[in-house]
Amino acid sequence: MILMNKYIITIILMSIVTLIPRIVPFFIAEKLTSNSFLKKFFKYIPYTILGMLIIPDIFYSTGNIFSGIIGFITALILSFLNMNSIIVIFITVLVVYLIQ
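Predicted model only: the values in this text are computed from it and were never measured.

Below, the discussion takes up the overall build of the protein. Within the protein, the regular secondary structure consists of four helices and zero strands. Its helices and strands in sequence order give the protein the pattern α-α-α-α, from N to C terminus. A compact globule built from 100 residues should have a C-alpha radius of gyration of about 13 Å, whereas the protein, at 23 Å, is more than 25% larger. Its C-alpha atoms give the protein principal-axis dimensions of roughly 65 × 45 × 20 Å. Residues classed as buried in the protein amount to 8% of the 100 residues present. Long-range pairs, those at least 24 residues apart, make up 31% of the contacts in the protein with a sequence separation of at least 6. Carbon and sulfur atoms form 76% of the exposed surface of the protein, whose accessible area is close to 8,800 Å².

Printed below as a string of structure tokens:
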């Protein structure tokens, strides 16, 4: 019985600790949205995290770093030309396939 109470207390405390970082931004969001620098900073965070997760795997996905680099450069150029994402993916896969 005492062991069960320790588990329940642990679960409740862990829930509170997990809930705090999720609730606090709602209370301070008004203050953060008035600062234009912070608006720009928070706007680019999802793209930065996505890049950190994807870019390292691009170079080693084919087993040949050269084709990974060429594919990355191809995708980068096509993206800067504002092409549709599906077209960028299709052309990049085709270029990497032809290189290998």
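What follows picks up the thread again.
Our next topic: helix α2 (residues 36–60). Its 25 residues give α2 an end-to-end C-alpha distance of 38 Å, which sits within 8% of 36 Å, the value for a rise of 1.5 Å per residue. Maximum bend of α2: about 35 degrees, positioned at I45, with proline P46 one to four residues after it.

What the rule picks out here adds up to two aromatic pairs. On the numbers, 6.5 Å between centres and 20 degrees between planes, the contact of F37 with F41 is stacked. Here F37 pairs with F41, and both are found in helix α2, just four residues apart, close to one helical turn. What makes F37 exposed here is its relative accessible area of 58%.

Time to look at the packing of α2 against helix α3 (residues 65–80). The contact between α2 and α3 brings their axes to 6 Å, and the two run at 130 degrees. Our classification of the angle between α2 and α3 gives oblique. Contact residues: α2 offers I55, I58, F59 and Y60, while α3 offers I65, G68, I69 and F72. Each residue belonging to the contact of α2 with α3 can be placed in one class, and the counts come to seven nonpolar, one polar and no charged.

Here the protein averages 86 in pLDDT, and 93% of its residues register 70 or above. By mean pLDDT, helix α1 (residues 2–33) is the weakest element of the protein at 83, and helix α4 (residues 85–99) is the strongest at 93.

What follows deals with the environment of I89. Here I89 lies in helix α4. When the C-alpha atoms of I89 and A75 are compared, they prove to be 7.2 Å apart, with 14 residues separating the residues in sequence.

Take the layout of surface pockets next. Taken as a whole, the largest pocket spans an internal volume of roughly 620 Å³. Contributing to the lining of the largest pocket are 23 residues, with I54, I58, F72, A75 and V88 lying nearest its centre. Contributions of two or more residues to the lining of the largest pocket are made by α2, α3 and α4. The residue inventory of the lining of the largest pocket, partitioned by class, reads 13 nonpolar, 10 polar and no charged.

How each quantity is defined
- Residues numbered from 1 in each chain as written.
- Predicted model: local features only at pLDDT ≥ 70, side-chain atom pairs only at ≥ 80, totals over all residues.
- Heavy atoms only, no water.
- Helix = DSSP H or I, 4+ residues; strand = E, 2+ residues; numbered from the N terminus.
- Rg over C-alpha atoms; globule rule 2.2 N^0.38 Å.
- Buried < 20%, exposed > 50% of the residue type's maximum accessible area, 1.4 Å probe, protein only.
- Contact = heavy atoms within 4.5 Å.
- Areas by Shrake-Rupley, 256 points an atom, 1.4 Å probe, with all protein chains shown as cover.
- Expected span 1.5 Å × (residues − 1).
- Bend = angle between axes of the 7 residues up to and from the residue.
- Phe/Tyr/Trp six-rings, centres within 6.5 Å; stacked < 30°, edge-to-face > 60°.
- Axes fitted to C-alpha atoms, helices over the stretch in contact; angles between N-to-C directions.
- Parallel < 35°, antiparallel > 145°, perpendicular 65-115°, else oblique.
- Nonpolar A, V, L, I, M, F, W, Y, C, P; charged D, E, K, R; others polar.
- pLDDT = per-residue confidence, 0-100.
- 1 Å grid on protein atoms, 1.4 Å probe; cavity = no way out; pocket = protein on both sides within 12 Å on 5 of 7 lines; lining within 4 Å.
- Points joined across faces, edges and corners; volume = space filled by probe spheres on them.

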